[in-house]
Amino acid sequence: MTEKVHTMHEPADESVDSAARSTGGVAAPANKLIFSVNDLSVDYGAFTAVRDVTLGIYANDITAFIGPSGCGKSTVLRCFNRMNDTIKSAKVHGSILYHDIDLYGPTISATQVRRHIGMVFQKPNPFPKSIYDNVAYGPRLAGLKNKSELDELVETSLRGAALWDEVKDRLKSSALGLSGGQQQRLCIGRALAVKPDVILMDEPCSALDPIATARIEDLMQEIKQQYTIIIVTHNMQQAARVSDRTAFFTTEVNSESDRRTGVLVEYGRTDSIFSQPVDDRTEQYVTGRFG
Amino acid sequence: MALALDDLKSKNQTADRAFRGATLAGGATIVIILGLIAWTIADKSRLAFKTEGLSFFTEPRWAPAANVYGALSFIYGTAVTATIAVLLAVPVSLGIALFTTQVAPSWLKRPIVAMTDLVAVVPSVVFGLWGIIFLAPKLTPVFKRVSGWFHGVPVLGRIFGPASSGRTFMTAGLILAIMITPIIASISREVMETCPLTDRDGALALGATRWEMIKGAVLTHSAGGIVGSVMLGLGRAMGETIAAALVIGSSAAITANVFSPGDSLPSVIAFEWGEATSDVKRSALIAMGLTLFVMTLIVNFVATAVVNRSMKRMRGES
Ligand SMILES: Nc1ncnc2c1ncn2[C@@H]1O[C@H](COP(=O)(O)OP(=O)(O)O)[C@@H](O)[C@H]1O
Ligand SMILES: [Mg+2]
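Reading the values: the criteria
Residues numbered from 1 in each chain as written. Chains lettered and ligands numbered in written order. Predicted model: local features only at pLDDT ≥ 70, side-chain atom pairs only at ≥ 80, totals over all residues. Heavy atoms only, no water. Helix = DSSP H or I, 4+ residues; strand = E, 2+ residues; numbered from the N terminus. Contact = heavy atoms within 4.5 Å. Areas by Shrake-Rupley, 256 points an atom, 1.4 Å probe, with all protein chains shown as cover. Axes fitted to C-alpha atoms, helices over the stretch in contact; angles between N-to-C directions. Parallel < 35°, antiparallel > 145°, perpendicular 65-115°, else oblique. Left-handed = near helix turned anticlockwise from the far one by under 90°. Nonpolar A, V, L, I, M, F, W, Y, C, P; charged D, E, K, R; others polar. Core = buried A, V, L, I, M, F, W, Y, C linked by side-chain atoms within 4.5 Å. Buried < 20%, exposed > 50% of the residue type's maximum accessible area, 1.4 Å probe, protein only. Near = heavy atom within 4 Å. Polar contact = N/O pair within 3.5 Å; in protein donor to acceptor, adjacent residues only side chain to side chain. Phe/Tyr/Trp six-rings, centres within 6.5 Å; stacked < 30°, edge-to-face > 60°. Lys NZ or Arg CZ within 6 Å of the ring centre and 35° of its normal. Buried area = accessible area lost by both parts, 1.4 Å probe. Salt bridge = Lys/Arg side-chain N within 4 Å of Asp/Glu carboxyl O. Pairing = 2+ DSSP bridges. pLDDT = per-residue confidence, 0-100. Patch = residues over 30% accessible without salt bridge, like charges linked within 9 Å, V, L, I, M, F, W, Y side chains within 5 Å.

Looking now at the overall build of chain A. Helix and strand counts for chain A stand at 11 helices and 10 strands. If you take every contact in chain A between residues at least 6 apart in sequence, the share linking residues at least 24 apart comes to 70%. Carbon and sulfur atoms make up 49% of the accessible area of chain A, which amounts to about 12700 Å² in all.

A few words now on the packing of helix α6 (residues 124-149) of chain B against helix α8 (residues 169-193) of chain B. Residues and elements named next belong to chain B. At a minimum axis separation of 9 Å, α6 and α8 run at an interaxial angle of 130°. Overall, the two elements α6 and α8 adopt an arrangement that is oblique. For the pair α6 and α8, the sense of crossing is right-handed. For the pair formed by α6 and α8, the contact residues are S124, F127, W130, G131, L135, A136, L139 and F143 on the first element and M170, T171, L174, I175, I178 and M179 on the second. Across the contact of α6 with α8, the residue classes break down as 11 nonpolar, 3 polar and no charged.

A few words now on the nonpolar core. In terms of nonpolar packing, the biggest core is built from 110 residues, with F35(A), V53(A), L55(A), I57(A), F65(A), F80(A) and M288(B) touching the most fellow members. A total of 12 residues in this core trace back to one element, the largest contributor, which is helix α4 (residues 72-103) of chain B. Apart from the residues lying within four places of it in its own chain, the contact partners of F65(A) are L55(A), I57(A), K73(A), V76(A), L77(A), F80(A), I230(A), I231(A), V232(A), T233(A), A247(A) and F249(A).

Quick look at the site of ligand 1 now. Residues and elements named next belong to chain A. By nearness alone, every residue bordering ligand 1 is listed as Y44, F47, A49, S69, G70, C71, G72, K73, S74, T75, I87 and R259. At 2.7 Å from an oxygen atom of ligand 1 is found a main-chain nitrogen or oxygen belonging to G70. T75 is positioned with one of its side-chain polar atoms (N or O) 2.4 Å from an oxygen atom of ligand 1. When ligand 1 is considered free in solution it has 560 Å² of accessible area, and contact with the protein chains removes 66% of it. Among the elements of the structure, β2 (47-58) and α2 (73-80) are those that each provide at least two residues to the shell around ligand 1. Broken down by element, the shell around ligand 1 gets its largest block of residues, 3 residues, from α2. Classifying every residue of the shell around ligand 1 gives 5 nonpolar, 5 polar and 2 charged.

Once that is clear, we can look at unusual backbone geometry. Negative phi is the rule for most residues except glycine; trans is the rule for most peptide bonds. With phi around 60°, N60(A) is a residue other than glycine that occupies positive phi space. Even without a glycine there, the phi angle at V155(B) is positive, about 60°. Structurally, V155(B) is set in the loop between α6 and α7 (156-159).

So, about the packing of aromatic side chains. Within the structure shown, the criterion is met by 16 aromatic pairs over all chains. Taking the centre distance of 5.4 Å and the plane angle of 20° together, the rings of W130(B) and F134(B) count as stacked. Here F134(B) and W130(B) lie together in helix α6, a separation of 4 residues that amounts to about one turn. Judged by relative accessible area, which is 37%, F134(B) ranks as partly exposed. These aromatic residues form a ring-pair network of at least three members: F35(A), F65(A), F80(A), Y98(A) and F249(A). The ring of Y132(A) is capped by K172(A), whose NZ or CZ atom sits 4.1 Å from the centre of that ring. It is R190(A) that lies over the ring of F127(A); its NZ or CZ is 4.3 Å from the centre.

Our next topic: the interface of chain B and chain A. The partner chain A presents 28 residues to the 21 residues of chain B that form the contact. With both sides pooled, the region where chain B packs onto chain A buries about 1800 Å², and carbon together with sulfur makes up 60% of that total. Counting the contacts that link chain B with chain A gives 1 salt bridge. Between R78(A) and D201(B) there is a salt bridge whose closest N-O contact spans 3.7 Å.

All names here are of chain A. Of all 12 residues that make up β2, 10 are buried, and the element is covered over most of its length. One ladder, built from 8 bridges, connects strand β1 (residues 33-44) with β2; its direction is antiparallel. Bridge assignment links L33 to a residue of β2, and that residue is Y58. Hairpin geometry of β1 and β2 is characterised by an intervening segment of 2 residues between the two adjacent antiparallel strands and by a positive phi of about 65° at G45.

Residue and element names in this part refer to chain A. Under the defined criterion, the tally for this structure stands at 21 salt bridges over all chains. Between D52 and R51 there is a salt bridge, and its shortest N-O distance comes to 3.5 Å. Under the relative-accessibility criterion, D52 is labelled partly exposed at 44%. You can call R51 partly exposed: its relative accessible area is 31%. Between R215 and E166 there is a salt bridge; the shortest N-O distance is 3.2 Å. Taken together, the positions of R215 in helix α8 (residues 210-223) and E166 in helix α6 (residues 164-167) put the pair 49 residues apart, joining distant regions of the chain. When salt bridges that share partners are traced, they join R51, D52, E252, D279 and R281 into one network.

Confidence in the prediction for chain A averages 86 pLDDT; 87% of positions are at 70 or higher. Note on residues 1-23 of chain A: pLDDT is under 50 here. Beyond four places in sequence and across chains, it has 39 contacts.

Moving on, we come to the environment of R185(A). Residue and element names in this part refer to chain A. By the secondary structure assignment, R185 is in helix α7 (residues 180-192). Considered as a pair, R185 and N125 are 60 residues apart in the sequence and their alpha carbons are 11 Å apart. Excluding residues within four positions of it along the chain, R185 makes contact with A161, A162, L163, E166, R215, I216 and L219.

Next up on the list: a nonpolar patch on the surface. There is a patch of nonpolar side chains on the surface, built from V294(B), I298(B), V302(B) and V306(B) and spanning about 280 Å² of accessible area. In this structure V294(B) comes out as partly exposed when scored by relative accessible area, which is 38%.

Right, let's talk about the side chain of E217(A) for a bit. All names here are of chain A. You can see E217 is positioned in helix α8. Residue class for E217 comes out buried when judged on its relative accessible area of 8%. When residues no more than four places from it in sequence are discounted, the contact partners of E217 are Q238, R241 and V242.

Right under this line is the structure:
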């Protein structure tokens with residue numbers, strides 16, 4: 001995929017209503033649009049997990065995806081770095097433009113996409129290698145061999161993940177000896193080392209205690225200057241605390257089968273989603289009155 | 001209150017006790033049998049060690065008529081055939097394991113797994129017979145051609161030396177390789193299958209291609225188990241009697257040439273036991289059994305140590 005960044009323009013010809021949704025309902029967007037998702041649907045085999053998602057993601061924002069379990073938050077998130085390609089039954093329809101480049105275009109390599117768009121998973125998943133080798137893994141894949149450059153990159157990445165001071169004396173020991181919160185910060189550092197533009201986080205704190213969670217949330221605030229973050233969270237307080245924009249998903253009864261398909265209900269600035277939601281379902285969910 | 005405290009006592013411990021007794025008895029039986037085997041064999045080997053001394057291990061000649069009992073050629077033959085077997089079996093087995101776990105669509109996976117498992121149930125004497133009547137004659141011209149290619153080449157020219165027969169170290173190694181492939185393939189497959197999806201996703205999300213993911217996540221995760229499976233295969237190849245005995249050529253030889261006939265510990269024991277009339281010869285054969293036993297024990301100990309160490313490393317305890 002090319003490095004070239006095209007000029008941005010808002011998604012054209014949309015009705016006022018859907019334009020308001022897809023741009024997050026902001027009159028004068030402060031940040032540039034980095035992704036525009038158009039009519040995205042994902043099937044697992046014959047089952048449509050989520051359909052017709054249209055929204056725009058802004059650079060240097062933290063965008064939160066919230067909604068009840070099974071509404072397709074992870075599924076949508078995994079479209080942004082083409083992780084769904086690894087699931088045989090998954091089929092993605094619609095498009096995701098990244099700086100105007102269709103991520104699912106025929107000439108686009110999923111491997112290259114993932115170097116621009118990193119991911120942190122629900123369960124901390126450091127490799128059973130040393131702390132150093134975990135961080136150096138991505139850069140080495142990209143061909144970086146020079147020892148001193150690697151050393152430097154490992155240090156800056158671990159500093160970026162607010163982990164350096166805790167591990168600088170034991171870079172050679174196994175990453176699996178770290179605590180859960182440290183492991184998750186290591187995974188963030190490991191993602192930073194690839195120098196992505198975007199970091200996707202799928203419930204990154206759900207396996208962590210409140211203190212470790214707070215550290216990750218602080219970290220997100222620090223790194224958002226340089227990165228665009230999309231975070232899936234089941235924790236509404238977390239979405240309210242950390243994010244600039246929030247997308248609320250829910251499930252709707254499917255006409256073809258008895259399984260429920262996820263839909264995007266409402267997308268906008270986090271404060272307005274939480275204080276003045278437009279849709280009843282959003283209001284019920286954010287006020288905790290959800291079925 | 002006595003009544004309430006009575007409740008705390010467990011009521012029926014008989015079943016529990018019986019179970020514990022049964023497992024204990026089972027475990028003890030195994031230890032006793034193993035001890036008995038070790039003791040009998042060691043005891044019956046004494047005569048050979050007394051008459052031959054250390055030269056039992058260093059003497060290449062096996063000449064019962066001249067009262068010379070050296071095991072070195074057979075130890076060498078065992079080591080060479082087992083090494084050939086492992087060298088041939090490992091790439092094939094890992095290929096099968098990787099293909100079934102990482103590449104093959106699920107409809108293809110089952111038949112491949114079933115077929116490799118089927119190879120494991122073929123009795124070893126059948127492999128041996130197939131080796132004599134089919135493989136050995138077919139291999140003779142192949143060996144000749146290969147040794148022609150390497151003629152005059154340093155080192156390789158000696159390893160792939162002149163060939164005259166189809167019953168050679170190489171033939172035995174090949175048969176053993178076929179026999180241990182299912183062991184290595186199925187254990188490797190099982191450990192590869194336990195590679196967590198999260199490890200694989202982690203590698204892919206950092207921009208790894210499929211092969212890089214396999215190398216970085218699957219093989220790293222499975223390294224200990226793979227080493228263990230290879231060691232198990234090695235132990236099996238060293239101890240395998242009849243298949244190797246039928247195709248190795250049964251002539252004591254220490255030579256770098258893998259296309260030369262040789263002999264191995266289990267094969268000599270099997271073939272010569274019936275005609276072992278003198279006490280010393282019997283004892284020498286038993287001592288060879290002991291040697292083989294110790295060799296496989298060492299392989300197993302090393303395997304266990306390697307596997308444990310890598311497990312520990314993975315859990316982050318070192
Ligand atoms: N690999 C998969 N294969 C089949 N169905 C899946 C798979 N992953 C998720 N699903 C289904 O897709 C729907 C959405 O799942 P997911 O995106 O994980 O939801 P969320 O993250 O919002 O909880 C669920 O009904 C789930 O069962
Ligand atoms: Mg999820």
